[in-house]
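Spelled out from the first residue to the last, the chains are:
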There are 4 protein chains.
Amino acid sequence: MSLITTETRGVFVIAVTPFREDMSIDVESIDRVTDFYYEKGADGLTVLGMMGEAPKLTQSEALAVARQSIRRSNGKPVVVGVSAPGLAAIGELTKAVMDEGAAGVMVAPPSTLKTDEQILGYYQTVVATIGADVPVVLQDFPLVTHVQISTGTLGAIVEALPSIVMLKHEDWPGLQKISDLRKAEAAGRRRISILCGNGGVFLPEEMKRGADGAMTGFAFPEMMADIVRLSNAGEHERAMDLFEAYLPLVRYEQQPSIGLAVRKHVLAKRGAIASATQRRPGTGLSPAAIAEVEDMIARQARKLEQVK
Amino acid sequence: MSLITTETRGVFVIAVTPFREDMSIDVESIDRVTDFYYEKGADGLTVLGMMGEAPKLTQSEALAVARQSIRRSNGKPVVVGVSAPGLAAIGELTKAVMDEGAAGVMVAPPSTLKTDEQILGYYQTVVATIGADVPVVLQDFPLVTHVQISTGTLGAIVEALPSIVMLKHEDWPGLQKISDLRKAEAAGRRRISILCGNGGVFLPEEMKRGADGAMTGFAFPEMMADIVRLSNAGEHERAMDLFEAYLPLVRYEQQPSIGLAVRKHVLAKRGAIASATQRRPGTGLSPAAIAEVEDMIARQARKLEQVK
Amino acid sequence: MSLITTETRGVFVIAVTPFREDMSIDVESIDRVTDFYYEKGADGLTVLGMMGEAPKLTQSEALAVARQSIRRSNGKPVVVGVSAPGLAAIGELTKAVMDEGAAGVMVAPPSTLKTDEQILGYYQTVVATIGADVPVVLQDFPLVTHVQISTGTLGAIVEALPSIVMLKHEDWPGLQKISDLRKAEAAGRRRISILCGNGGVFLPEEMKRGADGAMTGFAFPEMMADIVRLSNAGEHERAMDLFEAYLPLVRYEQQPSIGLAVRKHVLAKRGAIASATQRRPGTGLSPAAIAEVEDMIARQARKLEQVK
Amino acid sequence: MSLITTETRGVFVIAVTPFREDMSIDVESIDRVTDFYYEKGADGLTVLGMMGEAPKLTQSEALAVARQSIRRSNGKPVVVGVSAPGLAAIGELTKAVMDEGAAGVMVAPPSTLKTDEQILGYYQTVVATIGADVPVVLQDFPLVTHVQISTGTLGAIVEALPSIVMLKHEDWPGLQKISDLRKAEAAGRRRISILCGNGGVFLPEEMKRGADGAMTGFAFPEMMADIVRLSNAGEHERAMDLFEAYLPLVRYEQQPSIGLAVRKHVLAKRGAIASATQRRPGTGLSPAAIAEVEDMIARQARKLEQVK
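So, a few notes on the structure that sits alongside this text.

About the criteria used
Residues numbered from 1 in each chain as written. Chains lettered and ligands numbered in written order. Predicted model: local features only at pLDDT ≥ 70, side-chain atom pairs only at ≥ 80, totals over all residues. Heavy atoms only, no water. Buried < 20%, exposed > 50% of the residue type's maximum accessible area, 1.4 Å probe, protein only. Helix = DSSP H or I, 4+ residues; strand = E, 2+ residues; numbered from the N terminus. Pairing = 2+ DSSP bridges. Axes fitted to C-alpha atoms, helices over the stretch in contact; angles between N-to-C directions. Contact = heavy atoms within 4.5 Å. Buried area = accessible area lost by both parts, 1.4 Å probe. Salt bridge = Lys/Arg side-chain N within 4 Å of Asp/Glu carboxyl O. Polar contact = N/O pair within 3.5 Å; in protein donor to acceptor, adjacent residues only side chain to side chain. Nonpolar A, V, L, I, M, F, W, Y, C, P; charged D, E, K, R; others polar. Core = buried A, V, L, I, M, F, W, Y, C linked by side-chain atoms within 4.5 Å. Least-squares fit on C-alpha atoms with pLDDT ≥ 70 in both. Phe/Tyr/Trp six-rings, centres within 6.5 Å; stacked < 30°, edge-to-face > 60°. Parallel < 35°, antiparallel > 145°, perpendicular 65-115°, else oblique. Left-handed = near helix turned anticlockwise from the far one by under 90°.

Glancing now at the pairing of strand β1 (residues 10–14) of chain C. Residues and elements named next belong to chain C. Counting buried positions along β1 yields five of five residues, so the element is predominantly enclosed. Judged from the four bridges that link them, β1 and strand β8 (residues 213–216) form a sheet pairing that is parallel. Counted as the bridge partner of V13 is T216 from β8. Sheet topology places β1 next to strand β2 (residues 44–47); three bridges connect them, and they run parallel. When the sheet's bridge partners are listed, I14 is paired in β2 with T46.

Before going further, it helps to examine the sheet that holds strand β2 (residues 44–47) of chain B. Residues and elements named next belong to chain B. Strands sit in the order β1-β2-β3-β4-β5-β6-β7-β8 around a closed barrel of eight strands; the barrel is parallel. Strand-to-strand twist across the sheet, computed as the mean angle between neighbouring axes with direction ignored, equals 25°. Direction of pairing for strand β3 (residues 78–81) relative to strand β4 (residues 104–107): parallel, over a ladder of three bridges. Within the sheet, the bridge partner assigned to G81 lies in β4 and is M106. Strands in contact with helix α1 (residues 27–39) are β1 (10–14), β2 and β3; relative to β2, the strand with the most contacts, it is inclined by about 140°.

Moving on: the interface of chain A and chain D. With 33 residues of chain A at the interface, the matching set in chain D holds 33 residues. The largest contributions to the chain A side of the interface with chain D come from A:W172, A:R251 and A:R299, which together make up 24% of the buried area. The interface formed by chain A and chain D holds 16 salt bridges in total. In this structure, the salt-bridge partner of A:D295 is D:K208, at a minimum N-O distance of 3.9 Å. On the surface where chain A and chain D come into contact, there are 18 residue pairs in polar contact (both at pLDDT 80 or more). Secondary-structure elements contributing two or more residues to the side of chain A that touches chain D are α7 (175–186), α8 (203–209), α10 (236–253) and α12 (287–307) of chain A. When residues of the side of chain A that touches chain D are assigned to their parent elements, the largest contribution, nine residues, is made by α10(A). Here the residues of the side of chain A that touches chain D are counted per class, giving 16 nonpolar, five polar and 12 charged.

On to the interface of chain D and chain C. If you look at the interface, chain D gives 18 residues, while chain C gives 18 residues. Buried area between chain D and chain C, both sides added, is near 1300 Å², and the carbon and sulfur share of it is 62%. Of all residues in chain D, D:T58, D:A88 and D:R280 give up the largest surface area on contact with chain C, accounting jointly for 33% of the area buried on that side. Where chain D packs against chain C, one counts zero salt bridges. Where chain D touches chain C, the interface holds five residue pairs in polar contact (both at pLDDT 80 or more). Element by element, the count of residues in the side of chain D that touches chain C is highest for helix α3 (residues 87–100) of chain D, at four residues. Residues of the side of chain D that touches chain C, tallied by class, amount to seven nonpolar, six polar and five charged.

The next subject is unusual backbone geometry. Here the residue pair B:R280 and B:P281 is connected by a cis peptide bond, since its omega of -10° sits within 30 degrees of zero. Structurally, the position occupied by B:P281 is in the loop between α11 (258–269) and α12 (287–307). Between C:W172 and C:P173 the backbone carries a cis peptide bond, its omega angle lying at 0°. Considering the arrangement of structural elements, one finds C:P173 in the loop between β6 (164–169) and α7 (175–186). Notably, A:M23 is not glycine yet its phi reads approximately 75°, a positive angle. Here A:M23 lies in the loop between β1 (10–14) and α1 (27–39).

Turning next to the nonpolar core. A:Y37, D:Y37 and D:V80 are the most contacted members of the largest nonpolar core, which has 193 residues in total. If we skip the residues at most four places from it in the chain, A:Y37 touches A:V13, A:I14, A:A15, A:V16, A:A42, A:L45, A:P221 and A:L267. Formed by 187 residues, the second largest nonpolar core is a distinct cluster that contains C:V16, C:I130, C:A239 and C:L247.

Moving on to the relation of the copies chain A and chain D. Superposition of the two copies of the chain requires a rotation about an axis and a shift along the axis. The transformation that overlays chain A on chain D combines an axial shift of 0.0 Å with a rotation of 180°, and the residual RMSD is 0.0 Å. Here the transformation between the copies is reduced to the relation of a two-fold axis. Looking at chain A, 100% of its interface residues are interface residues in chain D too, so the copies touch through the same face.

Attention shifts here to the pattern of salt bridges. Scanning the entire structure with this criterion turns up 116 salt bridges over all chains. Measuring nitrogen to oxygen at the nearest pair gives 3.1 Å for the salt bridge that ties A:D226 to A:R229. With a gap of three residues between them, A:D226 and A:R229 both fall in helix α9 (residues 221–232), about one helical turn apart. The exposure class assigned to A:D226 is buried, which follows from its relative accessible area of 16%. Residue B:D212 is joined to B:R182 by a salt bridge in which the shortest nitrogen-to-oxygen separation is 2.6 Å. Here B:R182 lies in helix α7 (residues 175–186) and B:D212 lies in the loop between α8 (203–209) and β8 (213–216), a separation of 30 residues in the sequence. A relative accessible area of 5% means that B:D212 is categorised as buried. Several salt bridges converge on common partners, so that one network encompasses A:E7, A:R9, A:R182, A:E185, A:R191 and A:D212.

Another aspect to go through is the packing of aromatic side chains. Tallied over the entire structure, the rule returns 26 aromatic pairs over all chains. Judged by centre distance (6.2 Å) and plane angle (75°), the rings of A:Y252 and D:F202 are edge-to-face. Placement of A:Y252 in helix α10 and of D:F202 in the loop between β7 (193–196) and α8 (203–209) is noted, with the two residues assigned to different chains. D:F202 matches A:Y252 in its accessibility class, with the two residues each being buried.

Our next topic: the sheet that holds β1(A). All names here are of chain A. The sheet built from eight strands closes into a barrel, its strands ordered β1-β2-β3-β4-β5-β6-β7-β8 with parallel pairing. Within this sheet the neighbouring strands show an average axis-to-axis angle of 25°, counted without direction. The sheet contacts of helix α3 (residues 87–99) involve β3 (78–81) and β4 (104–107), and relative to β4 the element is tilted by about 150°.

Note on the identical chains: chain D maps onto chain C by a rotation of 180° and an axial translation of 0.0 Å, with an RMSD of 0.0 Å. A share of 100% of interface residues in chain D that are also interface residues in chain C marks the association as one of identical surfaces.

Glancing now at the packing of α12(A) against helix α10 (residues 236–253) of chain D. Packing of α12(A) against α10(D) leaves a shortest axis separation of 13 Å and a crossing angle of 60°. One way to sum up the angle between α12(A) and α10(D) is to call them oblique. For the element pair α12(A) and α10(D), the recorded crossing hand is right-handed. Contacts between α12(A) and α10(D) involve A:R299, A:R302 and A:K303 from the former and D:E237, D:M240, D:D241 and D:E244 from the latter. The class makeup of the residues in the contact of α12(A) with α10(D) is one nonpolar, no polar and six charged.

This part covers the side chain of A:H169. All names here are of chain A. By the element assignment, H169 lies in strand β6 (residues 164–169). By relative accessible area, which is 1% here, H169 ends up buried. In this structure H169 touches D140, G174, L175, K177, I178, I194, L195, C196, G197 and E206, once residues within four positions along its chain are discounted.

Now the structure itself:
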């Protein structure tokens, strides 16, 4: 069992939760998509995130999905999203998944938090509830949570709570936040790992600003793996060439609500899951949208030929 | 086992969930507060509402609280709040509590809903998930849910979904909504039961506008019972006299966030629960606030002497 | 010309802007309602607040209303609301009204502000724009602005900006905020004046917690004047007796949106303005609402007889 | 003087408002950037939009900017954004700019609107205020306005108000909305013009779905002109090739808040305005951001060489 740390780097794919057409959990596809993610270059997974349809699962289903993903990952690190309206549920699920071998848990702030003080207080309560020995990923995603965490407040949280080892960075705009966090570390604050979300739409710039990798679920995870590898090697032009081949689809998949339908459609098309089915409430793809996605994938393949 | 219907009238008290000081569920106090509510004039209860700290319970705890309340109610109707981010959890909890003998379930709209069409679509999906035989209370509480349901959209929902038998009315301002709904019924639309929330702060006016009773948790439930009884008897002046004696505390308890601390403090003081403890996140009362509440209760007792 | 200071106490009535039935500004009624407010015990006025329909005026109309109110106040202090989306408009209106003899300006935070740092930064920019010699009232009204200012952030603003001399307090719940601000002053921070809003619905408690008076527009300003006077004299029971006579209407007038229609209806009925007309968008009163208001005023008169 | 109609097609550039470094309006740069937009292929302009910093201008400045832009446009159509919190200001500015020769006005819904009924009611009031002879652009931008207008509600508005001749489309996701609107027109509803915003980030797809052009302010307006021209010619592959060359910068400029700084930086670099200065509140570019923009422009130039 490996835990995430402040030094963790690489690509953690935000895993989808596969459903059969009758909306039951498709256990076989969990195995298949887990294998797929690692084959395409993932260093670890994050399950039960927002794009993992976590709020649509019952608590026992959530635990079952986490357990299956952890087992299939066979020692590779799996972070589990445990965000919930109440701390009792967070505490219970955290204990269960850490016992199963999770590498850490991810917690987004509830939308009721308004002031800096409330945000810091919330994470203090979370850590008091789950125990200071559980590594925590703080998910900073204001577009969805409606909670704006300033760089100063992030710093206060990092200083107060050593078990917060990683930031899932998806503020928008957010490049300056990475620079500012790294600058504070250069001036003496302890390091944290920064993995970036938002579908990867700013990944090359994020790597140059000092990110450690990606934590997002774009349906071509090899994109994230390649960009992170090339960026770490200092080959930023090569990284941009590759990135631009994927960018039209990255952009299209980043649309709120419909984005998950695109992602599952592509994963099903690539054979990684058996069905693109989402649980309700969920949004499907119109024939026009499917045609647009197919066109983009075909163009993307031609572009990748050119840049390789 | 009695079910709520479109003809249900009276007072359904929004029940608190009692915790011991160690934050575990206080089963004995569930029995005690259940008895207390009925002694003070309740016709039924609503458990696992927002003020029942439902989001702070695990799913198994929620079911245990509902079961205990239903059993102790001994045939009196108990509505169970089942609002959750995902339909799987709503479906699972609904099935479990209806099997235990609940009188119906209450569902608030998730804050992601924006348009009239989305709101109607959501309730259609809820009913498709839980079955059209389960009576549903629609909780209309925009101050907390941030979902504004127009009278027209409420009408469309009522027309489309016969199993929605009751409105928990707590729009603010909301008196006109009651008048408009009753007017539409007079013109031919099927009747629904309207029980009013918001801590009872407009209960006399709501009764005059056509409400069927109260569904709220003010710590002196005898207020709701008396106002509903007097209003039904047409004794509006007497109702106002009584109401005004309680109004300072009603107003104070209606404060967001701190209101639940006031309510539990009063219930503990009255012997209905063993401890005013809330689960986290929760807000406590300062000594100054406690002094204000104590003063108000003493004044209230003197005023009630005068009007009785 | 008198300016507001950190020592200002008493009742500043939030003035309505009277319109004729054709929606033009009713200058004569400005004079009449101004006289009315002072006759009923106001120590000063605040014009062009939210309840003064400020956003519905053109810039030249806003200046005309402010000018007329200041002149008619004949030396009594008039605060002018200058909140606007842009700093150029704030600067321009501030200069104009201070030249006319305003006692200070009131600024609410724009809803785009999220973090503590942004809120402090905003007020720094405001003061830089209008000049540090203009006394400023900070309007703290999260229910409407959606900006939650913590007590700590208020403290930081007070320490950074000496020209912020007054807080228009209408956080909800907000009693603890008053206590905390006064406690920080007891420990050495400079004093600010705290006048309370929210229609006066917590005025007796606010005075006991340390407020300096009221800044709100309840249509019976004599209520605020009496409560403030009795509270300052330590006669809290008498204050509560009076307050309770008004409380049903205070509660009713505090309803969002419809509240202004109630206020203007009562002021017109009392002869303080010629017409209850609001500019669009605005909400009118149904016959049922008018009947409720009339009943409450009659009951209120009888109750006041009893307590006087 | 030409007015926009339901048949209007092409590119209307959302114009920046140029300021000198002392934050005064730079009239000379208004002329220069106006010429620049037309040289790069604009068919018309839209001034005083959100990205034109309209809320930061005083009313007299707003009118001066509109007048200057209209005159310099020399007969080409100029739409003027007149959104304001109150209808009096909307009415006053509309009258003034139409007298100056504007081609129509653009109105976004205020964030206080919640239900479909309120949204329709608002536009009815707007049209009643400004007169049914003034062509109106409805700006549908939920990310900023927080008002979600369903396709059904858009249809109801279009049917009720013939003077609403154009939709500024920037819902996100929004492609299906275009398809649905065009489908309703095919079934008999009157046509409206649809020009797309959002920085152009979905322009090729929007044109295929049936849009009539672009109304957005990307700092390389030749992109919009070329995509619209090629799309109308059915050359979708060519359009995508060109689009992809610009997409990295489009994406970067589309970031909220910082986007305008990028846009003004590029326009200043291209000589279209003298200074990238924004009025406060505004966000500047860090050296790292400037370097990223410069790199992207250089790559973009190389890519454009390849595809031309």
